[in-house]
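What follows is the residue order along each chain.
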Amino acid sequence: MGQAQPFCATALIVEDDAMQREMLSLLLEESGYQVIQCESAEAAELVLDKSAGALCLMMTDVQLAGRMTGVELAHVAKHRNPGLDVVVTSGRPLMQPLPDGAKFWAKPWAPLDVLREAELAQLGVSVRGPLRPS
């Protein structure tokens, strides 16, 4: 009988700022995730076409390269995988409604928030937003 392969969670990071995309990717890789990076929603949509069911977590900025916004991408992602943990971030107030179950994080957020969300996504637990000091 062969050895079972360990479960490896996969995250999709969609961010047009290369430094933020790389920082998010490194954080998630350190948490044991395989990471797919995209700078546009259109590129991310191609990933969702092929492997939406294999993803645990998608983090996207609202403003992206290309025509589609991160909010529109969140709707596509939740339609293709309703159980996907989706986090939409922006430095500006959100003007469009998110799909049910998606979360909005105002920038700046802390790396610890990402690590906590990554752990919860692997467990399939849904919570509100990033931790804020009281």
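Preceding this paragraph is the structure being described.
Notes on the structure in this doc start here.

Reading guide: rules and limits
- Residues numbered from 1 in each chain as written.
- Predicted model: local features only at pLDDT ≥ 70, side-chain atom pairs only at ≥ 80, totals over all residues.
- Heavy atoms only, no water.
- Helix = DSSP H or I, 4+ residues; strand = E, 2+ residues; numbered from the N terminus.
- Buried < 20%, exposed > 50% of the residue type's maximum accessible area, 1.4 Å probe, protein only.
- Contact = heavy atoms within 4.5 Å.
- Areas by Shrake-Rupley, 256 points an atom, 1.4 Å probe, with all protein chains shown as cover.
- Pairing = 2+ DSSP bridges.
- Axes fitted to C-alpha atoms, helices over the stretch in contact; angles between N-to-C directions.
- Salt bridge = Lys/Arg side-chain N within 4 Å of Asp/Glu carboxyl O.

Looking only at helices and strands, one finds four helices and five strands in the protein. Per-residue burial over the protein gives 45% buried out of 134 residues. Partitioning the intrachain contacts of the protein with sequence separation of at least 6 by distance along the chain shows that 59% fall at a separation of at least 24. Accessible surface, the protein: about 7600 Å² in total, of which carbon and sulfur atoms supply 56%.

Strand order in the open sheet made by the five strands is β2-β1-β3-β4-β5, with parallel pairing throughout. Of all the strands in the sheet, the pair left with one neighbour each is β2 (34–38) and β5 (103–106). Going across the sheet, the axis of each strand differs from the next one's by a mean of 20 degrees, ignoring polarity. Alignment of strand β4 (residues 85–90) against β5, held across four bridges, turns out to be parallel.

This paragraph deals with the environment of Val14. One can find Val14 in strand β1 (residues 10–14). Separated by 26 residues in sequence, Val14 and Ser40 have C-alpha atoms that sit 6.4 Å apart. Beyond its immediate sequence surroundings of up to four residues, Val14 is in contact with Cys38, Ser40, Ala41, Ala44, Met58, Met59, Thr60, Asp61, Leu64 and Leu73.

Let us look at the environment of Phe104. Structurally, Phe104 can be placed in strand β5. A sequence separation of 14 residues divides Phe104 from Ser90, and the C-alpha atoms of the two residues are 8.0 Å apart. Ignoring any residue separated from it by four or fewer positions in sequence, one finds Phe104 in contact with Val88, Thr89, Ser90, Arg92, Leu94 and Leu98.

Right, let's get into the pattern of salt bridges. Tallying each qualifying case throughout the model produces six salt bridges. Between Lys107 and Asp61 there is a salt bridge whose closest N-O contact spans 3.4 Å. In this pair, Lys107 is assigned in the loop between β5 and α4 (111–123) and Asp61 in strand β3 (residues 57–61), connecting sequence segments 46 residues apart. Where Lys103 meets Glu117, a salt bridge forms, and the shortest distance between an N and an O atom there is 2.5 Å. With Lys103 in strand β5 and Glu117 in helix α4, the pair connects residues that are 14 residues apart, well separated along the chain. Per residue, the accessibility class of Lys103 equals that of Glu117, and both read buried.

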